[in-house]
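Each chain, written out:
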Amino acid sequence: LQAGFDPDDEPEYSDTVPEGQVISQSPAAKNSAKKGDRVVYKVSMGAQTIVVSVPSVLNYTQEIAVQTLSQNGLAVGTITTKYSNDVTVGCVISQGVSAGTQVTEGTKVDLVVSLGKELVTVPDVVKTEGTKAVSNLQNLGFTVSKSEAYSSDVPEGYVISQSVSAGLQVEAGASITVTISKGAEPAPQPSETPQPSESTQPSESTQPSESQAAASN
């Protein structure tokens, strides 16, 4: 220093003083000191960077996930929702930063939260051609099985009924059975009149002989 003091720089983190600038000095300015006395300057290294490990919050409820991130020095970013067949409604499906990643304290972690299984409206396929009806249901994600029955009202190959009523909202992948017409039931065939067998005809041995007839007279 021009004043003849012995300067001593001590680096120190500061959230308010830019890096390289003096935070404080000892003795303070305007205090008396002898030539050659030691003057300590605390010089800013800028804000301290703290590195933390991102925890896994998968399958946590949204509330617990937010708490867990906060407790680990992290912030919650954008929260979006999505249907899921595997993750319970209200729980975390995925997180924007993978578990175990080393990041700066305060980093924001995006979350995707489950809406549960998606509900699908069941269409009306009664009296629709069977192959088309099955295809329509399968395209909506339903598991379809078929049965057959006779019908005098529904043409052969068309749907008589469906196991889940049209208009209901059910989970995607639900099972539906459609019953397909085999057409009108055939009329019963008349049964043949049984013919008498030979054993029913009177045999010669059962006819009375002439001597037996004379004796009886």
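In case you missed it, the structure is sitting above this.
Residues numbered from 1 in each chain as written. Predicted model: local features only at pLDDT ≥ 70, side-chain atom pairs only at ≥ 80, totals over all residues. Heavy atoms only, no water.

Here we look at the sheet that holds strand 8 (residues 108–114)
This is how the line gets drawn: Pairing between two strands requires that DSSP report at least two bridges joining them. Put simply, DSSP H or I for four residues or longer makes a helix, DSSP E for two residues or longer makes a strand, and each gets a number counted from the N terminus. Whenever a helix is involved, its axis is fitted only over the stretch in contact; in every case the axis is a line through C-alpha atoms, and angles between N-to-C directions fall within 0 to 180 degrees.
Pairing is mixed in the open sheet, where 3 strands are placed in the order 5-8-6. Edge strands, defined here as strands with exactly one partner in the open sheet, are strand 5 (75–82) and strand 6 (92–95). Sheet twist, expressed as the average angle between the axes of neighbouring strands with direction ignored, equals 25°. The pairing of strand 5 with strand 8 spans 6 bridges and is classified as parallel.

As for the pairing of strand 3 (residues 38–44)
Taken residue by residue, a regular strand's side chains alternate between the two faces of the sheet. What counts is decided by this rule: Classification of residues uses two cut-offs on accessible area relative to the type maximum, computed with a 1.4 Å probe and protein chains only: under 20% is buried, over 50% is exposed, and between them is partly exposed.
With 5 of its 7 residues buried, strand 3 lies for the most part within the structure. Bridge count for strand 2 (residues 22–26) against strand 3 is 4 bridges, and the pairing is antiparallel. Note on strand 3: the bridge partner recorded for Val22 is Val43.

Topic: the nonpolar core
To keep things clear, this is the line we draw: Side-chain atoms within 4.5 Å link the members of a nonpolar core, which is a set of buried Ala, Val, Leu, Ile, Met, Phe, Trp, Tyr and Cys residues. Residue contacts follow a heavy-atom distance rule, with two residues in contact if any of their heavy atoms lie within 4.5 Å.
Judged by nonpolar contacts, the single largest core of 13 residues is most densely connected at Val125, Leu137, Phe142, Val144, Ile176 and Val178. Breaking this core down by element, the ones donating at least two residues are helix 2 (130–139) and strand 13 (175–181). Look past the residues within four positions of Val144 in its chain and what remains in contact with it is Val134, Leu137, Gln138, Ile176 and Val178. Ranked by size, the runner-up nonpolar core spans 11 residues in total, among them Val52, Val54, Ala65 and Leu111.

Description of helix 1 (residues 62–71)
To keep it simple, the criterion reads: Working note: the arc is built from the helix axis to C-beta atom directions.
Regarding helix 1, the residues found buried are Ala65, Thr68 and Leu69. Looking straight down helix 1, one finds its buried side chains confined to an arc of 95°; they lie on one side. Exposed residues on helix 1 whose side chains face more than 90 degrees from its buried face are Glu63 and Gln71. Buried residues in helix 1 make contact with strand 5, strand 6 and strand 8. Following helix 1 by one or two positions, Gly73 adopts a phi angle in the positive range, close to 80°.

Quick look at the sheet that holds strand 11 (residues 159–162)
Strand pairing in a sheet is mediated by backbone hydrogen bonds. Such pairs are either parallel or antiparallel. The 3 strands are arranged 10-13-11 in an open sheet whose pairing can be described as mixed. If you trace the sheet from one side to the other, it starts and ends with strand 10 (143–149) and strand 11, each paired once. When strand polarity is set aside, the average angle formed by the axes of neighbouring strands in this sheet is 25°. Taken together, the 7 bridges between strand 10 and strand 13 define a ladder with parallel strand orientation. Counterpart to Thr143 in the pairing with strand 13 is Ser175.

As for the pattern of salt bridges
What counts is decided by this rule: We define a salt bridge as a contact between a side-chain nitrogen of Lys or Arg and a carboxyl oxygen of Asp or Glu at a distance within 4 Å.
Counted by the stated rule, this structure contains 2 salt bridges. We note a salt bridge from Lys42 to Glu12, for which the minimum N-O separation is 3.6 Å. Placement of the pair is Lys42 in strand 3 and Glu12 in strand 1 (residues 6–12), with a sequence separation of 30 residues. Residue class for Lys42 comes out partly exposed when judged on its relative accessible area of 31%. Residue Glu171 is joined to Lys117 by a salt bridge in which the shortest nitrogen-to-oxygen separation is 3.6 Å. Linking Glu171 in strand 12 (residues 169–171) with Lys117 in the loop between strand 8 and strand 9 (119–121), this pair joins segments that are 54 residues apart in sequence. Here Glu171 falls in the partly exposed class, since its relative accessible area comes to 40%.

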